[in-house]
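Working through the structure, step by step
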Amino acid sequence: MKVAEAVARFLQAQGLQHVFGVNGGANLHLIHGIYENTDIRFIPTAHESGAAFAADAYSRITGLGCAMATSGPGATNLLTGIATSYYDSVPVIYITGNVASFRFGSKFGVRQYGFQETPIVDIVKPITKYAVTVTNPNHVLHELNVAITSAQSGRKGPVLVDIPDDVQRMECDYQEFGKSIYSFAPPNDAHIGLLTKWIGEAKRPVFVWGAGMRPYAEQARRLAERLDIPVACTWAAVDLLPHDHYLMTGGFGTHGVRAANMAVQNADLVISLGSRLDTKATGTPQHFVREGRVVMVDIDQAEIYKMKHVGRQVDLAIEADCGLVIEALRDLECDGTRQTPRLSWCEQVIHWRNKYDSEYQVIDHIYQEVEGDDIIVTDTGTGVGMVCQAFPFNGKQRLIHAWNMTPMGYAIPAAIGAALASSKHVTCIMGDGGAMMSLSELATVKRWDLPITFHLLDNQGHAMCRQTERQWFAGRYCSTDVESGLGFPDWHDVLEAFGVEFRIHKVPPDTTLIPQAKFGQPMEDADPQLPLDEFKEQMIITPLERK
């Protein structure tokens, strides 16, 4: 069997129904292998970065995505998407073609010998779990299987398999590879025992949910309800619990809502599940949960033990899959002696939520058009901040964003991937700056007649950066608005040209995402700061002195 056909059949065996990519001289055999030998639908995007973002979003819904590119610029155009998948722990297999193996310049000690030759494996190794160039045709399927297994096991992430053009055309011994089943070691019994003890002692406990909680949201909700423990979410998890649930405090962190930040910072026990507790979550680490215990459950040991180096060592480290820890706590009950103080704490959280709700008029307008179980895709900038602070998620909607890499231009191609991965309607929310970076993918949307409604926040610039300039540069704008150099089209002309439907929302150019804890501020005392007397009245632990 020809290698290109074997690759296509392998991808179909993994359950993929769509593969994204752009054709080129060094990957045409792979693409033809898909067209001619499988039921997979190849989706040609306008740009390789669009293919990478689409595959990333596709995987967030289905569990695996795939994007293909040719050698040279085709492969390097995947880089931002690969990094997006890596930092968000999303399993995507990227397959690149390369020049024929006998044209590799490394054999001659030159930079490049074959046309568009590029050492893509060396380039992507820091942002993939596994990357390899395969020059033996009988090793291709084995390497694909190793890559897929790596992508979907442990802390998940992207992989890349680079197949030279001549190898794609060779014959190989075909063998079947089914889907792998992955398992995790159970958490340490002593750790679970200590955690159980601390939960029993706590008067003001809080669960922190991160992106790693997504597969276990229902089990975690039942546990929180059984124990009457409020939940604070990172932005990547704000859609996991209905906004009006009595335990939902909202998204916490440097750009979090006041209720969530007040709850986390005043807690005497924070149990972090599936969050790496980065600086966006903790703010200044030394200020984080400074009068309470922190338990951190994460599958990546390095993420846990980094905490002692950044100034807030955790009190209990549990290196395990979150689902297994939740299962270990499944039978834990809250007895009558703990019910009264625990419910009083829940009432306090509800008070903060009602008193300090975040509101943005544009989000209210968008919400009126969103269907009950929409997939909501956002670009980076002020738009995602407003969504995470104020959108009233109902527990059925799914929020997709490139949380850690946060590239501008992610939303349109990610909406394509999300639409093809499910039968649901997609709501795509983006600023005009982000939209400019992936406008060409609107042609892909139109070509496949995808069920996507676009909401464009037209603020004539880069609002989040302008907010930073107001904070640190006395409001002097450089390259962040039209007056300082940016250019924008007439959006009505753009929409007419591409033939897609947009909702254009005029947003004041100086719209500010608040609250926001600037560098050095504890996140419970974020800008705009509350009146000092009111702030002290709301705090349970000792407030830090304002600078």
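Residues numbered from 1 in each chain as written. Predicted model: local features only at pLDDT ≥ 70, side-chain atom pairs only at ≥ 80, totals over all residues. Heavy atoms only, no water.

**Considering the overall build of the protein**
As a reminder of what qualifies: Strands here mean DSSP runs of E at least two residues long; helices mean DSSP runs of H or I at least four residues long; both are numbered from the N terminus. What the globule rule says is 2.2 Å times the number of residues to the power 0.38, and the radius of gyration is computed from C-alpha atoms. Exposure is judged per residue with a 1.4 Å probe applied to protein chains only, and the accessible area is read against the type maximum: over 50% gives exposed, under 20% gives buried, and values in between give partly exposed. It only takes one pair of heavy atoms within 4.5 Å for two residues to be counted as in contact. For the accessible areas, the method is Shrake-Rupley and the probe is 1.4 Å, while residue cover comes only from the protein chains on display. In summary, the charge assignment counts Lys and Arg as positive and Asp and Glu as negative, without counting His or the chain termini. Charge positions come from single atoms, namely NZ of Lys, CZ of Arg, CG of Asp or CD of Glu.
Looking only at helices and strands, the protein has 24 helices and 17 strands in total. Taken against the 2.2 N^0.38 rule, which gives 24 Å for 547 residues, the C-alpha radius of gyration of the protein at 25 Å falls within 12% of a compact globule. With respect to the principal axes defined by its C-alpha atoms, the protein has extents near 70 × 60 × 45 Å. When burial is assessed residue by residue, the protein has 58% of its 547 residues classed as buried. A separation threshold of at least 6 residues defines the contact pool for the protein, and within that pool the share at least 24 residues apart is 74%. For the protein, the accessible surface area stands at approximately 22400 Å², while carbon and sulfur atoms represent 50% of it. With 47 positive and 63 negative side-chain charges, the protein shows a spacing of 4 Å between the two charge centroids.

**Details of the state of the cysteines**
The condition that has to hold: What counts as a disulfide here is a pair of cysteine sulfur atoms lying within 2.5 Å.
Counted according to the given criterion, the structure contains zero disulfides. Of the cysteine sulfurs around Cys66, a residue in no disulfide, the closest is that of Cys172, at 17 Å. Judged by its relative accessible area of 0%, Cys66 is buried.

**A word on the packing of helix α1 (residues 3-13) against helix α7 (residues 140-152)**
Condition: Angles here are taken between N-to-C directions and fall from 0 to 180 degrees, while the axes themselves are lines fitted to C-alpha atoms, restricted in helices to the stretch in contact. Throughout, the term roughly parallel applies to angles under 35 degrees, roughly antiparallel to angles over 145, roughly perpendicular to angles from 65 to 115, and oblique to all others. Two helices that cross are described as forming a left-handed crossing if the nearer one is turned anticlockwise from the farther one by less than a right angle, and a right-handed crossing if clockwise. In this classification, Asp, Glu, Lys and Arg are treated as charged, Ala, Val, Leu, Ile, Met, Phe, Trp, Tyr, Cys and Pro as nonpolar, and every other residue, Gly included, as polar.
Following both chains from N to C, one finds α1 and α7 inclined at 30°, their axes separated by 10 Å at the closest point. Classified by the angle their axes make, α1 and α7 are roughly parallel. Seen along the crossing, α1 lies across α7 with a hand that is right-handed. On the side of α1, the interface is formed by Val3, Ala6, Val7 and Phe10, while α7 contributes Val140, Leu141, Leu144, Asn145 and Ile148. For the contact of α1 with α7, a count of residues per class yields eight nonpolar, one polar and no charged.

**Remarks on the pattern of salt bridges**
Selection rule: Take a side-chain nitrogen of Lys or Arg and a carboxyl oxygen of Asp or Glu: if they are within 4 Å of each other, that pair is a salt bridge.
By the definition in use, this model includes 25 salt bridges. The partner of Glu303 in a salt bridge is Lys306, and the shortest N-O contact between them spans 3.1 Å. Assessed through its relative accessible area of 12%, Glu303 is described here as buried. Through salt bridges with shared partners, a single ionic network connects Arg155, Asp300, Glu303 and Lys306.

**Brief notes about the sheet that holds strand β2 (residues 41-44)**
For clarity, the cut-off: A pair of strands is treated as paired once DSSP finds two or more bridges between them.
Reading across the sheet, the six strands line up as β2-β1-β3-β4-β6-β5 and stay open at both edges, with parallel pairing between neighbours. Pairing within the sheet leaves two strands with one partner each, and these edge strands are β2 and β5 (130-133). Taking each pair of neighbouring strands and ignoring which way they run, the sheet shows an average axis angle of 20°. Sheet topology places strand β3 (residues 65-69) next to strand β4 (residues 92-98); five bridges connect them, and they run parallel. Along β4, the bridge assignment pairs Ala69 with Thr96.

**A short note on the packing of aromatic side chains**
Stated formally: Centres within 6.5 Å are what make two rings of Phe, Tyr or Trp a pair, Trp counting through its six-membered ring; a difference in plane orientation under 30 degrees is then read as stacked, over 60 as edge-to-face, and the rest as tilted. The rule is short: NZ of Lys or CZ of Arg within 6 Å of the ring centre and within 35 degrees of the ring normal puts a charge over the ring.
One pass over the full model with this rule turns up eight aromatic pairs. Arranged with centres 5.6 Å apart and planes meeting at 75°, the rings of Phe20 and Tyr58 form a pair that is edge-to-face. Linking Phe20 in strand β1 (residues 18-21) with Tyr58 in helix α3 (residues 48-62), this pair joins segments that are 38 residues apart in sequence. Taking the centre distance of 4.7 Å and the plane angle of 50° together, the rings of Phe391 and Phe393 count as tilted. With a relative accessible area of 2%, Phe393 lands in the buried category. A network of ring pairs unites the aromatic residues Tyr367, Phe391 and Phe393 as a single cluster. Across the ring face of Trp235, the terminal group of Lys280 is positioned such that the distance to the ring centre comes to 4.2 Å. Of note, Arg447 hangs over the ring of Trp448, and the distance from its end group to the ring centre comes to 4.4 Å.

**Some points on the pairing of strand β13 (residues 375-378)**
As a reminder, the rule being used: A crossover counts as right-handed when, viewed with the strands pointing away from the observer, the path leading from the first strand over the helix to the second turns clockwise.
Alternating positions in β13 separate into two faces, Ile375 and Val377 on one and Ile376 and Thr378 on the other, with burial throughout. The parallel pair β13 and strand β14 (residues 398-400) is bridged by helix α18 (residues 382-390), and the resulting crossover is right-handed. The pairing of β13 with strand β15 (residues 426-431) spans four bridges and is parallel. Within β15, the position partnered with Ile375 by the bridge is Val426.

**Here's the deal with helix α5 (residues 79-87)**
When we look at burial in α5, the residues that qualify are Gly81, Ile82, Ala83, Thr84 and Ser85. Buried residues in α5 make contact with α3, β4, α6 (120-124) and β6 (159-164). Ser89 sits one or two residues past α5 and shows a positive phi near 55°.

**Observations concerning helix α22 (residues 463-472)**
Quick note on the threshold: As used here, the arc belongs to the directions running from the helix axis to the C-beta atoms.
Buried within α22 we find Ala463, Arg466, Gln467 and Glu469. For α22, the angular spread of buried residues about the axis comes to 160°, placing them on one side. Check the buried side of α22 and you find it contacts α18. Immediately beyond the C-terminal end of α22, within one or two residues, lies Ala474, with a positive phi of roughly 55°.

**A short note on the nonpolar core**
Heads up, the rule is: What makes a nonpolar core is a set of buried Ala, Val, Leu, Ile, Met, Phe, Trp, Tyr and Cys residues whose side-chain atoms join them at distances within 4.5 Å.
Counting residues in hydrophobic clusters, the biggest one holds 89 residues, and the most contacted among them are Leu11, Ile93 and Ile95. Counting residues per element, this core draws most heavily on helix α19 (residues 411-421), which supplies nine residues. In this structure Ile93 touches Leu11, Leu64, Gly65, Cys66, Ala67, Leu144, Ala147, Ile148, Val159 and Val161, once residues within four positions along its chain are discounted. In terms of nonpolar packing, the next biggest core, distinct from the first, is built from 58 residues, Ile192, Phe207, Leu399 and Val507 among them.

The values reported here are purely geometric and, on their own, carry no functional implication.
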